[in-house]
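One letter stands for each residue in the lines below.
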Amino acid sequence: MEEARAVRPEELGQALTLVNKVFRTGVDQDMSTDYPLVFAPGNLENLRVVSEEGRIFSHAAMARRELREHGCALPVSMICAVATDPEQRRRGAASRIMEDAVEAMAARGDAFGLLWTGPARDFYRRLGWEVVGSNGWAYQVEPRLAGRFEQPLPVRPVQVETDLERIIAIHEAQPRRLTRSPAEYRTLLGLPKSEVWVAEEKGRVEGYLVVARAYNKSGVTEWGGTSPALSSLLARVLPEPAGERMQVFVPLPDNPMTELLTGRGCRTRIPMEIADGCGLKMVRILSLGNLLRQLTPCLRSRLAGCSGRMTLSVQETGERVDLRWDGTDLEIGEGRGSGAQELPLRQAARLVFGPDKPSQLLDLPPEAAQGLDRAFPFGFHIWMLDYV
Ligand SMILES: CC(C)(COP(=O)(O)OP(=O)(O)OC[C@H]1O[C@@H](n2cnc3c(N)ncnc32)[C@H](O)[C@@H]1OP(=O)(O)O)[C@@H](O)C(=O)NCCC(=O)NCCS
């Protein structure tokens, strides 16, 4: 078995055959069109494979993005399409690729690695990945509720050429999102088995909504705009009374869609992790010190007005990080402080990303507990449209 490496352009077809065999057998969809930004010609360096005598039998992809949340800009890589040919499993190939991916992510300064999984949770946990706080809710909208959404604004199918600029402006006004280039917006709005609708007021797009009916994405995968626009859009896309319920994905914190849905009596919701097409949200910290430095704008505002210090030491890597906060001052140092609190990598992921409060995870002195419980967890939301 060779070392993990980037796929070569002439091998892309072979890698796609493998991931389609593992993830799309019996499904009329294709991984290359389901995840066009991952399998794009410009992303080949991030498609990692293991081969033997010219035959690729294990694969994992990275998709690098920038996460904007709580005033922070974090480079993050999402991992997807991790697959080993069924006849070649348990030889260590996928582990080798995942270790290679972690090295690559750390070397380029990513804040953390992110993935979604159902069946392979324990495979990833062995490699330092951990399930963290929820990504959001999936409201289950019953068809009988459709009539409750007023339609004050006209709704029509998107015309990307003329509507793209307004859709970008609406999405970029969201407090939490991944950054996208205009070309990436265009690609994501054109995913297979999905429709994009817009609501207008006096000829100006005031809201948009993406509905997918695909194997990997099902329901309202993205939305944005004013409340009257969202109501009009839902009235248009919700199923006829005889239809099936529809999932509408929303971030955890307050947002106009949640307000609209609950205001119209839709109260059935489940964590995104157990909704169709989602999976558990897992994170791999690459360097705790780097991550905390990248989170500084958020931590500084959450810790304003209190003071304390803490040294954390990551068991597996020996990395030590000093945190000192005082008033509006926050210092993140190299970990020279004494009396470090030791924690395994997976616990560090839960410390930062939840769902628990730090004082529920670690036995902390009162002053440190008070500060860390204010600072964490750092929740973040990935829109379903960006899922890989
Ligand atoms: C998950 C998968 C990629 C692992 O590939 P692999 O090359 O067999 O992995 P490795 O040989 O490196 O496995 C390392 C260890 O993880 C264990 N492992 C593998 N898959 C596992 C799973 N789904 N759950 C728990 N442990 C698992 C193996 O048993 C092995 O342990 P062992 O050495 O004690 O036997 C492969 O089983 C696969 O393609 N599964 C279907 C697709 C999938 O679920 N991908 C992940 C989607 S996010």
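Details of the structure are given in the entry above.
What counts as what
- Residues numbered from 1 in each chain as written.
- Predicted model: local features only at pLDDT ≥ 70, side-chain atom pairs only at ≥ 80, totals over all residues.
- Heavy atoms only, no water.
- Buried < 20%, exposed > 50% of the residue type's maximum accessible area, 1.4 Å probe, protein only.
- Helix = DSSP H or I, 4+ residues; strand = E, 2+ residues; numbered from the N terminus.
- Pairing = 2+ DSSP bridges.
- Contact = heavy atoms within 4.5 Å.
- Core = buried A, V, L, I, M, F, W, Y, C linked by side-chain atoms within 4.5 Å.
- Polar contact = N/O pair within 3.5 Å; in protein donor to acceptor, adjacent residues only side chain to side chain.
- Salt bridge = Lys/Arg side-chain N within 4 Å of Asp/Glu carboxyl O.

A. Inspection of the pairing of strand E2 (residues 47–52) at higher detail. Most of E2 sits inside the fold, with five of its six residues counted as buried. Where strand E1 (residues 5–6) lies against E2, two bridges are found, and the strand directions are antiparallel. Bridge pairing links Ala-6 to Arg-48 in E2. Here six bridges tie E2 to strand E3 (residues 55–69), and the two strands are oriented antiparallel to one another. Across the sheet, the residue bridging to Ser-51 is Ile-56, located in E3.

B. Up close: the side chain of Thr-258. Looking at the element boundaries, Thr-258 is found in helix H8 (residues 256–263). The residues touching Thr-258, leaving out its near neighbours within four places in the chain, are Tyr-139, Val-250 and Pro-251.

C. Looking closely at the nonpolar core. Ranked by size, the top nonpolar core spans 73 residues in total, and within it Phe-112, Leu-292, Leu-295 and Val-352 carry the most contacts. No other element matches the seven residues that strand E4 (residues 72–84) contributes to this core. Among all residues touching Phe-112, those that are not within four sequence positions of it are Leu-67, Leu-74, Pro-75, Val-76, Ser-77, Val-283, Arg-284, Leu-286, Leu-291, Phe-353 and Phe-380. Within the second largest apolar cluster, 27 residues are counted, among which are Val-141, Ala-146, Val-220 and Leu-233.

D. Looking closely at unusual backbone geometry. At the junction of Gly-354 and Pro-355, the peptide bond is cis and its omega measures out at 15° in the coordinates. Along the chain, the position of Pro-355 falls in the loop between helix H11 (345–353) and helix H12 (358–361). In this model, Phe-376 is joined to Pro-377 through a cis peptide bond whose omega is 0°. Relative to the helices and strands, Pro-377 resides in the segment after helix H13 (366–375). Its identity is not glycine, yet Glu-53 carries a phi of approximately 45°, on the positive side. Note that Glu-53 resides in the loop between E2 and E3. One non-glycine residue, His-70, adopts positive backbone phi at about 50°. Take His-70: its relative accessible area is 32%, and that puts it in the partly exposed class.

E. Representation of H13 within the structure. The complete set of buried residues in H13 reads Ala-368, Ala-369, Gly-371, Leu-372 and Ala-375. In this fold, the buried residues of H13 make contact with helix H10 (296–303), strand E16 (306–314), strand E17 (320–327) and H12.

F. Representation of the side chain of Arg-156. As for its position among the elements, Arg-156 is in strand E8 (residues 155–157). Separated by 2.9 Å, the side chains of Arg-156 and Asp-163 make a polar contact. Of the polar contacts made by the side chain of Arg-156, one reaches the side chain of Glu-200; its length is 3.0 Å.

G. Quick peek at the pattern of salt bridges. In the structure shown here, the tally under the stated rule is 32 salt bridges. When the shortest N-O distance is used, the salt bridge between Asp-110 and Arg-108 registers 3.3 Å. Judged by relative accessible area, Asp-110 falls into the buried class, the value being 2%. The partly exposed category is assigned to Arg-108, whose relative accessible area is 27%. Each of Glu-2, Arg-5, Arg-8 and Glu-11 takes part in one network of salt bridges that share partners.

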